[in-house]
Each structure stands twice: as C-alpha cells, then as structure tokens.
Amino acid sequence: MQLTTQNWQELEAKYYMRTFNRLPLVLVRGEGARVWDDKGNSYLDMVAGLAVNVLGHCHPAVVEAITHQARTLIHTTNLYYTTPQLELAQLLIENSCADRIFFANSGAEANEGALKLARKWGRLNRNGAYEVITADNSFHGRTLATLAATGQPKYHKPFEPMPAGFVSVPFNDLAALKAATGPQTCAVMLEVVQGESGIHLANHDYLVGVRQWCNEQGLLLIFDEIQAGMGRTGKFLSFEHHGVEPDVFTLAKGLAGGVPIGAFLSKEAVSILSAGDHGSTFGGSPLACAAGVATVGTILREDLAVHSAEIGAYALAKLRDLQSRHDLIAEVRGMGLMLAFDLKTESAAKVVTEGLKRGLILNNTGPQTIRMVPPLIIGKAEVDEAIATIDLILAEL
Ligand SMILES: Cc1ncc(COP(=O)(O)O)c(C=O)c1O
C-alpha cells in the first residue's frame with residue numbers, strides 16, 4: 001500500500017489506542033537539535049523526545065555504536081554475561097555514588113525495581129514496612145505501582161483502586177513528610193527537580209532534612225533522576241547540586257541517547273536483591289547498553305553537564321528578560337536545561353501550536369505551563385532563536 005502524507009493522521013485515528021492527543025506533526029528525520037516533518041519543514045526541537053535525546057538527534061557516536069552493535073550482537077539474555085552491559089555498569093558506578101546497578105527498559109520499570117528493593121528493605125529491616133512516601137505533583141511512571149507513587153490523583157482516577165503502599169505529601173514540606181512517616185514506612189521517593197508537572201525545584205534545606213530524617217528513621221531515600229539526570233541540570237546527576245546522596249536512584253530517558261533503557265542503582269549496604277528477586281528479558285541488552293556507553297561516554301568526555309549549566313543559565317536569563325517584557329508570563333523556573341515558564345492565562349497549548357507554525361517545538365505540561373528540555377548540545381544561537389520565536393508568539397497572543 002502506498003502511503004501519502006495525508007494518510008498518517010488518518011491511520012493513527014483508525015488504528016492506534018486513543019492514548020495521545022498528538023500535535024499535527026509527522027516527524028521523519030532528526031539531526032542535532034533539529035527535526036524535519038514529512039513535508040520537509042524543519043523545527044528547532046526544545047523538547048528532545050521529552051528529555052531523551054540528550055546528545056541531539058542521530059548523534060554520530062550513538063549511531064556508530066548502535067550500527068556496530070547491531071552487526072555484532074543485538075540480544076541474548078541475562079543468563080549470560082555481555083560486554084556492553086558491564087561496560088555501561090562500570091561507567092555509571094564509577095561516575096556516581098552508587099555501587100550496584102540493574103538495567104531495565106524504561107523509567108517506570110526502573111522505578112518498579114527501586115520500589116521492589118524498598119519493600120524488601122522494609123521486610124528485612126523495618127518489620128515488614130512497605131509504604132513509600134512520595135511528593136505531590138511528582139511523576140514516576142505509568143505502571144500501576146509507579147502510577148500509585150505519582151502524586152497526581154488525576155492520573156489515578158480511571159484505574160482505582162491503586163496498589164496499596166503509597167502516600168504523597170506536599171513537596172518541599174519536611175514537616176508533612178515527617179508527619180506521614182509511620183511504622184509502615186520503608187522509603188521516601190523524590191524527584192530533585194519535578195519535570196512532568198512543570199519544572200519545580202526541591203529546596204536544598206528540604207533535601208538535607210529529608211536525608212537526615214531517612215537516616216534517623218532507617219528509611220531508604222530514592223531519587224528519581226529519570227528526567228533530571230544525565231547532565232541535564234548542570235551536574236551529571238541532579239542531587240549532586242545539593243551534596244545529598246540517595247541510597248537508590250533511577251535513570252532512563254537520556255541514558256542511551258534515544259534507545260529504550262532504564263536502570264536503578266544503589267549503595268552496597270542496601271543492594272539487597274538476590275538471585276530470583278528481579279529480572280528482565282530485554283533489560284541491559286547489548287544494543288541498548290552499547291548506545292548507553294556511547295551516550296554517557298560523550299556526556300562525560302565533552303563535559304556536557306557544565307555546558308548545560310552555562311547554556312541553561314543563559315536561557316534562564318533570556319526567559320527572565322522575556323518576562324520583563326511580557327506581562328503574560330507569570331513565572332520563570334529552571335535549572336540547567338530543565339526550563340519552564342507559567343502564563344497568566346490558559347494559553348500554553350496555543351503557544352505550542354503557534355511554535356510549530358514557526359518551526360519551534362515546545363511542550364506544555366499544563367494549560368498554563370511551557371516546558372523546555374532541549375538536547376544538551378544546543379548553543380546560544382539556538383536559545384536565541386527559540387526565545388525570539390516565543391517573543392513573537394507572546395506579542396501576538
Ligand atoms: C521523573 C520521571 N520518572 C519516571 C518517568 C517514567 O518514564 P517512562 O516513560 O520511561 O516509563 C518519567 C517520564 O516522564 C519521569 O519524568
């Protein structure tokens with residue numbers, strides 16, 4: 001069957017589960033910070049596959065690694081040792097506070113593994129405690145357990161009852177977290193920068209306080225670095241800004257530059273999963289891990305976290321300047337290349353569609369909030385281009 005340009009949206013409407021309100025854009029190619037649609041139009045991509053394409057689209061190091069690995073060994077099973085998996089494990093452990101790692105295939109799966117570890121911890125060390133305290137407006141995934149961990153009731157409603165063992169408390173509120181802790185609590189799980197709900201930063205004192213509370217109470221502290229990790233906030237891992245180390249943290253999204261992957265990592269003292277406790281058919285596959293080695297290697301070699309900090313600071317200053325000229329902007333937030341601004345009206349979706357008309361890809365996390373999580377390789381020229389386009393759009397709203 002010959003497919004014309006027009007067919008794609010019709011095919012989606014006919015065959016795909018009605019899970020996505022897609023934008024009218026058929027993307028067929030990407031290179032660096034730009035993508036092209038099926039009509040040949042190019043776009044500056046300030047969303048980067050939702051914080052996945054950290055090295056931009058089709059980075060030569062990732063393409064080369066995938067191509068080489070695809071010719072060598074794509075998949076076996078975790079019944080055997082494979083070399084890219086162990087190379088990536090070594091790279092991540094030697095560049096973080098963790099001692100052990102398990103590879104999964106997505107962020108939700110990585111968090112599921114961390115949650116299982118926390119439950120086993122509770123069983124072994126806290127009298128069978130199983131409850132995990134999370135934060136309001138957090139996002140931890142779409143599987144049942146990670147959805148229950150997600151502090152946004154709007155996502156729970158259609159699927160209730162949620163699995164037991166999760167309670168969410170206001171973010172940046174240590175007293176609330178302490179009040180929610182009981183004999184049933186085994187862990188606290190937080191994003192250092194909440195991404196999906198619109199880039200909300202944890203306070204330094206809050207994180208220090210949570211770490212201390214977990215130490216006092218014998219609770220595991222889990223940081224979800226799935227969106228904020230991989231150099232995006234200006235450090236390789238976002239908790240490094242605060243000098244606070246978790247017992248467990250999770251990675252996914254940018255870890256393999258666009259190839260599906262996830263991981264949970266833990267300190268030796270809490271690495272309590274043993275043979276038979278957990279597993280994965282695809283997790284840690286040679287293909288994904290080869291892409292991961294290329295991605296992490298490039299981030300570290302090229303100091304892309306430092307670059308993110310510099311370009312992010314430049315972009316934040318530009319957004320603040322925009323705010324000073326547009327009364328419509330209520331607030332600007334950001335850390336490195338996790339950036340957002342709130343509008344005073346519910347026009348974020350309109351800003352996104354106007355952006356597309358002008359060759360700019362943005363994301364609205366809610367009716368009033370625009371998020372930008374561009375590739376870490378963008379430069380000042382791309383930031384200037386994005387800001388100039390947003391400036392034009394806001395002037396016309
Ligand atoms: C902080 C965080 N955790 C977990 C997830 C879930 O990751 P995935 O969609 O790969 O399951 C996301 C996805 O947006 C996320 O931002």
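Keep in mind it's a predicted model, so treat the numbers as computed, not measured.

> Tell me about the domain arrangement of the chain, residues and numbers included.
Taken domain by domain, the chain holds domain 1 (7–58 + 303–396) and domain 2 (60–301). When each unit is reduced to the centre of its C-alpha atoms, the spacing between domain 1 and domain 2 is 26 Å. With 27 residues of domain 1 in contact, the opposing surface of domain 2 contributes 32 residues. Between domain 1 and domain 2 lies a buried interface of about 2,300 Å² when both sides are counted; carbon and sulfur atoms form 64% of it. Of all residues in domain 1, Leu55, Met335 and Met338 bury the most surface against domain 2, accounting for 30% of the area lost on that side. Inspection of the region where domain 1 meets domain 2 yields 0 salt bridges. Broken down by secondary-structure element, the contributors of at least two residues to the side of domain 1 that touches domain 2 are helix H2 (48–51), helix H11 (304–325), strand S13 (329–335), strand S14 (338–343) and strand S17 (369–372). The dominant element in the side of domain 1 that touches domain 2, judged by the number of residues it contributes, is H11, at 5 residues.

> I'd like a rundown of the pairing of S17, residues and numbers included.
On S17, burial covers both faces: Thr369 and Arg371 on one face and Ile370 and Met372 on the other are all buried. In this sheet, S17 lies alongside S14 in antiparallel orientation, the contact comprising 4 bridges. By the bridge assignment for S17, Phe341 is matched with Ile370. Judged from the 3 bridges that link them, strand S16 (residues 363–366) and S17 form a sheet pairing that is antiparallel. Among the inter-strand pairings, Asn364 is bridged to a residue of S17, identified as Ile370. Between the end of S16 and the start of S17, which pair antiparallel, lie 2 residues.

> Account for the environment of Thr143, naming residues and giving values.
Structurally, the position occupied by Thr143 is in the loop between strand S5 (131–135) and helix H6 (144–149). Once the C-alpha coordinates of Thr143 and Glu112 are considered, the two residues, 31 residues apart in sequence, prove to be 8.1 Å apart. The residues contacting Thr143, other than those within four sequence positions of it, are Ala108 and Glu112.

> How would you sum up the site of the ligand? Please name residues and give values.
In the vicinity of the ligand, the residues found are Ser106, Gly107, Ala108, Asn111, Phe139, His140, Gly141, Glu191, Asp224, Ile226, Gln227 and Lys253. One nitrogen or oxygen atom from the main chain of Ala108 is found 2.8 Å from an oxygen atom belonging to the ligand. One of the backbone N or O atoms of Phe139 is found 3.2 Å from a nitrogen atom in the ligand. Considered on its own, the ligand offers 390 Å² of accessible surface; in the complex 81% of this is hidden by protein. Looking at which element gives the most residues to the shell around the ligand, the answer is helix H5 (residues 107–125), with 3 residues. Residues of the shell around the ligand, tallied by class, amount to 3 nonpolar, 6 polar and 3 charged.

What counts and what doesn't
- Residues numbered from 1 in each chain as written.
- Predicted model: local features only at pLDDT ≥ 70, side-chain atom pairs only at ≥ 80, totals over all residues.
- Heavy atoms only, no water.
- Domains from an automatic or database assignment.
- Contact = heavy atoms within 4.5 Å.
- Buried area = accessible area lost by both parts, 1.4 Å probe.
- Salt bridge = Lys/Arg side-chain N within 4 Å of Asp/Glu carboxyl O.
- Helix = DSSP H or I, 4+ residues; strand = E, 2+ residues; numbered from the N terminus.
- Buried < 20%, exposed > 50% of the residue type's maximum accessible area, 1.4 Å probe, protein only.
- Pairing = 2+ DSSP bridges.
- Near = heavy atom within 4 Å.
- Polar contact = N/O pair within 3.5 Å; in protein donor to acceptor, adjacent residues only side chain to side chain.
- Areas by Shrake-Rupley, 256 points an atom, 1.4 Å probe, with all protein chains shown as cover.
- Nonpolar A, V, L, I, M, F, W, Y, C, P; charged D, E, K, R; others polar.

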